[in-house]
Amino acid sequence: MALSNNITALLNFIALLCSIPIIGSGIWLSSKPDNECISLFRWPILFIGILILFVSLAGFVGAYWNKPGLLACHLFCMSILIVALLFAVVFAFIVTRPDGSFLVPGRGYKEYKLDGFNNWLQNYVNKGGNWGKIKTCLSASNVCDKVSQHNYVSADQFFMSHDISPLQSGCCKPPTVCGYGYVNPILWLNPTNPTADPDCYAWNNDQSQLCYGCNSCKAGLLGNLRKEWRKANVVLIISVVILIVIYVIGCCAFKNAQTEDLFDRYKQGWV
């Protein structure tokens, strides 16, 4: 039985280590300006990672000090957490699959359209109550302040800069199709084609408004979310695969330990 428990303890220690990149991914996602404004996506991965850490620690204690009840509880809780993490990974992969970007004709950069993203994400940001809170949060953040600190000499240089995120591209400037004249990153004047897009009229040079009321801002927000979640998903997929392998081996080790314990009791009773 000692061997099976040692294996289980080692597996739980590895699972505990796996929780670290999950927690790190959750912290990284929650620290991003867009996730700060969307509470729905901010905390789930971080909470799951913390719970996996504590459940793995409980499994390690149960195996090291031979507590079958604690081990059984650990396996039950870990199965729920693995399913929850797997669901989050699959859900994030599905809803972030469409990227909503399009190449601006005659230019070497991309912009984003809201209808190019997953319907579930569109419906979420289009809800009046949701977008009202998100817009207020974005306006109060320093998302566009960072753009104003750059000294771009032309609109093309501004648009093609790799320093500009999808969120900044959608919220901190008017759509290219409007034909606004570039003065500086957050000051645009005299549109030549104001009827090309409803967002052309929504643009305002007031620093508290800019394009926060534009559909392009919603699209830029979703573009940022997609980019960040795709990066985090790489870490999460690797972690969940390792956790599943550890869980299967751990279940086998626990079963063997119980069989060995039953056999030892049988021998003692026979003797």
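Residues numbered from 1 in each chain as written. Predicted model: local features only at pLDDT ≥ 70, side-chain atom pairs only at ≥ 80, totals over all residues. Heavy atoms only, no water.

## What about the pairing of strand E3 (residues 181-184)?
For E3 and strand E4 (residues 187-189), the ladder comprises three bridges, and the chain directions are antiparallel. Its bridge partner being in E4, Asn 184 is matched across the sheet by Leu 187. With antiparallel pairing between neighbouring strands as the criterion, E3 and E4 make up a hairpin whose turn holds two residues. (Pairing = 2+ DSSP bridges. Helix = DSSP H or I, 4+ residues; strand = E, 2+ residues; numbered from the N terminus.)

## Some thoughts on the nonpolar core
In this structure, Ile 52, Leu 85, Ile 134, Leu 138 and Leu 243 are the most contacted members of the largest nonpolar core, which totals 58 residues. Of all elements in the fold, only helix H1 (2-30), helix H4 (44-64), helix H5 (68-95), helix H6 (119-126), helix H7 (128-140), helix H8 (143-148), helix H10 (166-171) and helix H12 (215-270) reach the threshold of two or more residues within this core. No other element matches H12, which puts eleven residues into this core. Each of two domains, domain 1 (1-98 + 226-268) and domain 2 (101-222), supplies a minimum of three residues to this core. (Core = buried A, V, L, I, M, F, W, Y, C linked by side-chain atoms within 4.5 Å. Buried < 20%, exposed > 50% of the residue type's maximum accessible area, 1.4 Å probe, protein only. Domains from an automatic or database assignment.)

## Concerning the state of the cysteines
Structurally, a disulfide amounts to a covalent bond that connects the sulfur atoms of two cysteines. Within this structure, the stated rule accounts for five disulfides. Here Cys 144 pairs with Cys 172 through a disulfide, and the sulfurs are 2.0 Å apart. Its S-S torsion of about -90° marks the bond between Cys 144 and Cys 172 as left-handed, since a negative value means left-handed. Residue Cys 144 is found in helix H8, and its partner Cys 172 is found in the loop between H10 and E3; the two are separated by 28 residues along the sequence. As far as burial versus exposure is concerned, Cys 144 and Cys 172 are alike and both buried. Between the sulfur atoms of Cys 178 and its disulfide mate Cys 200 the distance is 1.9 Å. The sign of the -90° torsion about the S-S bond sets the Cys 178-Cys 200 disulfide as left-handed. Here the residue Cys 178 occupies a position in the loop between H10 and E3, and Cys 200 occupies one in helix H11 (residues 199-202), the gap between them amounting to 22 residues. On the basis of relative accessibility, which here comes to 0%, the residue Cys 178 falls in the buried class. (Disulfide = S-S within 2.5 Å.)

## Considering the UniProt feature "transmembrane region" (unreviewed entry) in the protein chain
Under the UniProt annotation, the feature "transmembrane region" (unreviewed entry) is placed at residues 6-29, 41-65, 71-95 and 232-250. Each end of residues 232-250 is marked by a C-alpha atom, and these two atoms are 26 Å apart; helix forms 100% of the span and strand 0%. (UniProt positions renumbered as here; feature names shortened; annotations may be inferred.)

## Focus: the side chain of Asn 118
Mapped onto the fold, Asn 118 is located in the loop between strand E2 (110-112) and H6. When sequence neighbours within four positions are dropped, the list of residues in contact with Asn 118 reads Ile 94, Val 95 and Pro 98. (Contact = heavy atoms within 4.5 Å.)

## Brief notes about H4
The end-to-end C-alpha distance of H4, which contains 21 residues, comes to 30 Å, matching closely the 30 Å that a straight helix rising 1.5 Å per residue would cover. All buried positions along H4 are accounted for by Ile 45, Leu 46, Ile 48, Gly 49, Ile 52, Val 55, Ser 56, Gly 59, Gly 62 and Ala 63. Where H4 ends, the next residue or the one after it, Asn 66, has phi of about 55°, a positive value. (Expected span 1.5 Å × (residues − 1).)

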